[in-house]
Structure formats: structure tokens, C-alpha cells
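Summary of structural features
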Amino acid sequence: MDFALSEELIAVRDLAREFAEKEIAPSAAKDDKEKNFRPDLIKKMGELGFYGTMIPETYGGNGLGFLAMVLVTEEIARAHSAMRVAINMQIGPALTLLQFGSEEQKKKFIPPLVAGEKIGCFAITEPDAGSDVAALRTTATKDGERYLLNGSKLWISNAPVTHGGLVYAYTDRSQKHRKPLETMGAHCSPIGEMIFDNFPIPVTNRLGNEGDGFKICMWQLNQTRLNCAAGALGVARAAKEAAVSYCNQRVQFGQKIGEFQMNQDLIAQMSVHEEAARLLVYRAAWLADQTQPNNLETSIGKYAAAEAANFAADAAMKILGAYGYSTEFPVERYYRDAKSYQIVEGSSNVQKMIIAQDALGYRKANRA
Ligand code: GRA
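Summary of the structure given here. (Residues numbered from 1 in each chain as written. Predicted model: local features only at pLDDT ≥ 70, side-chain atom pairs only at ≥ 80, totals over all residues. Heavy atoms only, no water.)

Concerning the side chain of Ser-81
Rules: Here a helix means four or more residues in a row that DSSP labels H or I, a strand means two or more in a row labelled E, and each is numbered from the N terminus. The rule is simple: take the accessible area with a 1.4 Å probe, protein chains only, and divide by the maximum for that residue type; under 20% is buried, over 50% is exposed, in between is partly exposed. Contacts between residues were defined by any pair of non-hydrogen atoms, one from each residue, lying within 4.5 Å.
Considering the arrangement of structural elements, one finds Ser-81 in helix 4 (residues 81-100). On the accessibility criterion, Ser-81 (3% relative accessible area) is buried. If we skip the residues at most four places from it in the chain, Ser-81 touches Val-235, Asp-337 and Tyr-341.

Points about empty space enclosed by the protein
This is how the line gets drawn: A cavity, in this analysis, means grid points on a 1 Å lattice covering only the protein atoms where a 1.4 Å probe fits yet has no way out; a pocket is instead an open set bounded by protein on both sides within 12 Å along at least five of seven lines, and a residue lines either one if it has an atom within 4 Å of a point. Grid points are joined across faces, edges and corners, and a volume is the space filled by probe spheres set on the points. Just so you know the grouping, Ala, Val, Leu, Ile, Met, Phe, Trp, Tyr, Cys and Pro go in nonpolar, Asp, Glu, Lys and Arg go in charged, and all remaining residues, Gly too, go in polar.
The volume enclosed by the largest cavity comes to roughly 60 Å³. As for the largest cavity, its lining consists of Ala-29, Asp-32, Lys-33, Thr-327, Phe-329, Pro-330, Glu-332, Arg-333 and Arg-336. At the level of secondary structure, the elements contributing two or more residues to the lining of the largest cavity comprise helix 1 (7-34) and helix 10 (331-341). Taken together, the residues of the lining of the largest cavity break down into three nonpolar, one polar and five charged.

Topic: helix 8 (residues 295-320)
We count it as follows: Expected span of a helix, by definition, is 1.5 Å for each gap between consecutive residues, and there is one gap fewer than residues.
Taking 1.5 Å per residue as the helical rise, helix 8 with its 26 residues ought to reach 38 Å, and the 37 Å between its terminal C-alpha atoms agrees with that figure. Counting buried residues along helix 8, 20 of its 26 residues qualify, which places the element largely inside the surrounding structure. Directly after helix 8, the chain includes Gly-321, whose backbone phi takes a positive value near 55°.

Digging into the packing of aromatic side chains
The test is simple: Any two rings among Phe, Tyr and Trp, with Trp reduced to its six-membered ring, count as a pair given centres within 6.5 Å; such a pair is stacked if its planes are under 30 degrees apart, edge-to-face if over 60, and tilted if neither.
Within this structure, the stated rule accounts for six aromatic pairs. Geometrically, the ring pair formed by Phe-19 and Phe-50 is edge-to-face, given 6.0 Å between the ring centres and 80° between the ring planes. Highlighted residues: Phe-19 in helix 1 and Phe-50 in the loop between helix 2 (39-47) and helix 3 (66-79), separated in sequence by 31 residues. Both residues of the pair, Phe-19 and Phe-50, count as buried. Judged by centre distance (5.3 Å) and plane angle (90°), the rings of Phe-100 and Trp-219 are edge-to-face. On the basis of relative accessible area, Trp-219 is assigned to the buried category, the value being 18%. Grouping aromatic residues by their ring pairs yields a cluster made of Tyr-246, Tyr-323 and Phe-329.

Some words on the pairing of strand 2 (residues 139-143)
For clarity, the threshold we go by: Two strands make a pair as long as DSSP finds a minimum of two bridges between them.
Strand direction decides the pairing type here: strand 2 and strand 3 (residues 146-157), joined by five bridges, are antiparallel. Looking at strand 3, one finds that Asp-143 is bridged to Arg-146. Turn length for the strand 2-strand 3 hairpin, with the two strands adjacent in sequence and antiparallel, is two residues, and the turn residue Gly-144 shows positive phi of about 70°.

Structural notes on the environment of Ser-271
Structurally, Ser-271 is set in helix 7 (residues 261-289). Taking relative accessible area as the criterion, Ser-271 reaches 23% and is therefore assigned partly exposed. Residues Ser-271 and Tyr-335, spaced 64 residues apart in sequence, show a C-alpha to C-alpha distance of 17 Å.

What to know about the environment of Asn-294
Which entries qualify depends on this criterion: Any pair of nitrogen or oxygen atoms within 3.5 Å is treated as a polar contact; in protein, a donor-acceptor pairing is required on top of that, and neighbouring residues in sequence qualify only through side-chain atoms on both sides.
Assignment of secondary structure puts Asn-294 in the loop between helix 7 and helix 8. Here Asn-294 falls in the buried class, since its relative accessible area comes to 8%. As for Asn-294 and Arg-250, which are separated by 44 residues in sequence, their C-alpha atoms are 43 Å apart. When near neighbours in sequence (up to four residues on either side) are disregarded, Asn-294 contacts Asn-222, Ala-284, Leu-287, Ala-288 and Asn-366. Separated by 3.0 Å, the side chains of Asn-294 and Asn-222 make a polar contact.

Some words on a nonpolar patch on the surface
Inclusion rule: Note that patches include only residues with greater than 30% relative accessible area and no salt bridge, and the join distances are 9 Å for like charges and 5 Å for nonpolar side chains (Val, Leu, Ile, Met, Phe, Trp, Tyr). Each accessible area is a Shrake-Rupley result for a 1.4 Å probe, and residues are judged covered by the shown protein chains and nothing else. Salt bridges are counted wherever a side-chain nitrogen of Lys or Arg sits within 4 Å of a carboxyl oxygen of Asp or Glu.
Where nonpolar side chains cluster on the molecular surface, the patch consists of Met-1, Phe-3 and Leu-279 and spans about 450 Å² of accessible area. Inspection of the secondary structure puts Phe-3 in the segment before helix 1. Owing to a relative accessible area of 62%, Phe-3 belongs among the exposed residues under this scheme.

Considerations on the packing of helix 3 against helix 4
Threshold: Note on geometry: axes are C-alpha line fits, over the in-contact stretch for helices, and angles between N-to-C directions span 0 to 180 degrees. Oblique is the label for any angle not covered by the other classes, which are roughly parallel (under 35 degrees), roughly antiparallel (over 145) and roughly perpendicular (65 to 115).
Taken N-terminus to C-terminus, the directions of helix 3 and helix 4 make an angle of 150°; their axes are 6 Å apart at the nearest point. Considered as vectors, helix 3 and helix 4 are oriented roughly antiparallel to each other. Residues Phe-66, Met-69, Val-72, Thr-73, Ile-76, Ala-77 and Ala-79 of helix 3 touch helix 4, and the partners they reach there are Ser-81, Met-83, Arg-84, Ile-87, Ile-91 and Leu-95. Grouping the amino acids of the contact of helix 3 with helix 4 by side-chain chemistry returns 10 nonpolar, two polar and one charged.

Quick notes on helix 11 (residues 348-360)
Between its first and last C-alpha atoms helix 11 spans 18 Å; for 13 residues at 1.5 Å apiece the expected length is 18 Å, and the two agree. Taken together, the buried positions of helix 11 are occupied by Ser-348, Val-350, Gln-351 and Asp-358. Residues of helix 11 that are buried make contact with helix 6 (213-249) and helix 8.

Structural notes on unusual backbone geometry
Of note, the phi angle at Trp-155 is positive, near 60°, even though the residue is not glycine. For Glu-345, which is not a glycine, the phi torsion comes out positive at approximately 55°. Tracing the sequence through the fold places Glu-345 in the loop between helix 10 and helix 11. Relative accessible area serves as the criterion here: at 11%, Glu-345 is assigned to the buried category.

This is how it looks when you write it as C-alpha cells:
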């Protein structure tokens, strides 16, 4: 077993760290407050190759792999979690196209997503279909050489700003409108509703065969969940770093507050949860890089990382007290952003369901 990262991986991680610290962190608080969408940063991340780690060179990627994506994502999310969502909106559709697309679709759609020239998205969730993906109601009805899309998608990241992406719909249910929505955190990652009323899509834009959508969707979620898991690691780390720094500055009752055992207990737990989650996420990414089944490991990593981010944000707020609660300092942002990780890409409860049902032998997670 080798826990060391290769030189190549260290280089890409350091590149992402430097970019995040220089270009994202300085304006993160302002961007969060003003809910600024930052296409300029999205473009720059594309130029640096951050969306291309799992894409071969033929389609504009660099083929560095899933672990590289995880390393990059953690660094970006550490500076500003909302910018992590931007990564997912590019790599989600790009990867799914790579896996299921025709050669023509791959050539046409993947390179602009990887370059950050086109802003991507994927639309799964609906008003009555969240955890229960199969309950979605959007339909695609064949009409000659096109499909007519009818239905509505809700809480779709990038809906207000996207150039295009993946929409999941039923062709057989028997078996543009842009409206931004307000959220507690992940500001700067615009989220919205999409309403389709006989919206035409060429048949040539269909991914896979009719009837394949659910499995494509499950496959995609397994990949994008890894990005969310890495984002949660970034938030956990940012919260721990804020707490550590404050513990070493703040003096009360004549000593640095880091000297108090109750704060040490929190710092120790934050460190353990974060480190444990990181190893789990790395394992899932490593399995993906070996093209080995990893649905179970990804769910375990995503669950652990989401909980670690929330533990860390909560603990950091306890340590920083009023300075944590204040909107003048970043900890309240970490707290708001951390919550998103218990919701997106399969809630913590969905991950637990997948993990428990596998352990109990009811439903194996590593099927595909
Ligand atoms: O046996 P079969 O031939 O009928 O096939 C079944 C199964 O083998 C069928 O689907 C197949 N399948 C899979 N195939 C490959 C199931 N899971 C997988 C898989 N992982 N890979 C039906 O399976 P089932 O188990 O009976 O399905 P189900 O009970 O209807 O649902 C399963 C489950 C609850 C896990 C699923 O619905 C799910 O994952 N729900 C969570 C929804 C979710 O993650 N939504 C994310 C929305 S997008 C988002 O959050 C964007 C965030 C953006 C950001 O912040 O980055």
C-alpha cells in the first residue's frame, strides 16, 4: 500500500492550491455576500485543466485521473465551496458523455465543457423527485427527428446561466425558462428551475438508447458524488484551519484558548473526522482510477466527508464564538456551505441507505 502521492499529483494539487489562494480566496467573502457568478474563474479553471483530469487528450482533457480531480476539488472548495459546484457542472456532463455518448456527441460537446468555454449543468431533480430519482416526471416524446421535452426540473445548479447540459427524462412513463432560486449557502453557484413546454431536442442529442436513462443517471451520480465528497473535505479543512488559527491567537482567562481541553477535544475530533474522510475519498478515487467498482466506497466517502464538513463547521463556530457567528468572518460561510453536502448528490440518508443495504445484503451497491 502506497500512501504517497505521485509528483504529478502533487504538482496539480499545488497548482490548484495556488490558484485557489490567489484568485478565489481574496474575493470569496464578497462573492458570497453579493452572490456573484464568476464565469471568469470558471474559464480560468478550464484553462488550467481542472475539468480535464478524467478526460483523455482526444477530447481536450489531460487524463490525470479521478484522484487528481479529488485533489483539485478539495483545494478549490477550501477557498470557496460554491466554486467546487462549478467544477462538478463541467465534469458531470463531460464524463457522462465520455462514457455513453456517440463519437459525434463526444467531439461536439466534451471539449468546450473541459475548456470552460461552455457552462454546463445536469438536470435530474424535480419538485416531486429528489432522493427518489425514478419518480421523475419529465417526458421526452418522439416527434420525427426530435423529442419534445415536457416537465420541470428544480434546484438545478447553473440553470440560470448554463449553455446546455444533460436532462434526464422518461420516454416511456408506463414503466426555457430561467428562474434563480435562493439558497442558504453555495452562493455564486446559481441554482434554478427549468420548465420545459414542448421544448424540442434533436434525436441525435439523446445519450444512450431509449430506456437507458436511469442507469446512466446512477452511473453519473457515482462520479459526481466523488466531486461533492472532495468539496466537503475542502470545507472541513477550511473550518479546521480557521479554528486552529483562532485557538492560537485568542487569549481568555490568561491563556490561548487552544490550551483549554474542551477546545482541544474539538480540534482533535475535527482532525480525525477530516483525515478519516480524506482516506475514504482517496480510496474511492483510486478505485475509479483502476476502473474498479467503487459505488459503495464512493457513498462511504461522500457520507463521511459531508459529516466531517458539518462537524468541523459546527465545532469551528463553537470555538470562534461571536466571531464565528459574525458575517464578517468566513466560518459562518463554511457552516452554510457545509450543509449543502448533506443534501446534494444523494443526501447523507441516501448514502447511509446504500451503505446499510449493501452491508445487510439487501441490495449490492457495486453492481455496475
Ligand atoms: O436491477 P435492474 O436491472 O432493475 O437495475 C437496477 C439497478 O441495478 C435499477 O438501477 C440500477 N442501479 C444502478 N446501476 C448502476 C441502481 N443503482 C445503480 C448504480 N449505482 N449504478 C434500479 O435500481 P434500484 O436500486 O431499485 O433504484 P431505486 O431504489 O429507485 O433508487 C436507488 C437510489 C435511492 C440509490 C437512487 O434513486 C439515488 O441515488 N438517489 C439519490 C438521488 C441523488 O443523488 N440525486 C442527486 C441530484 S443532482 C445534485 O444533487 C446536484 C448537486 C450539484 C453539486 O452540488 O455539485
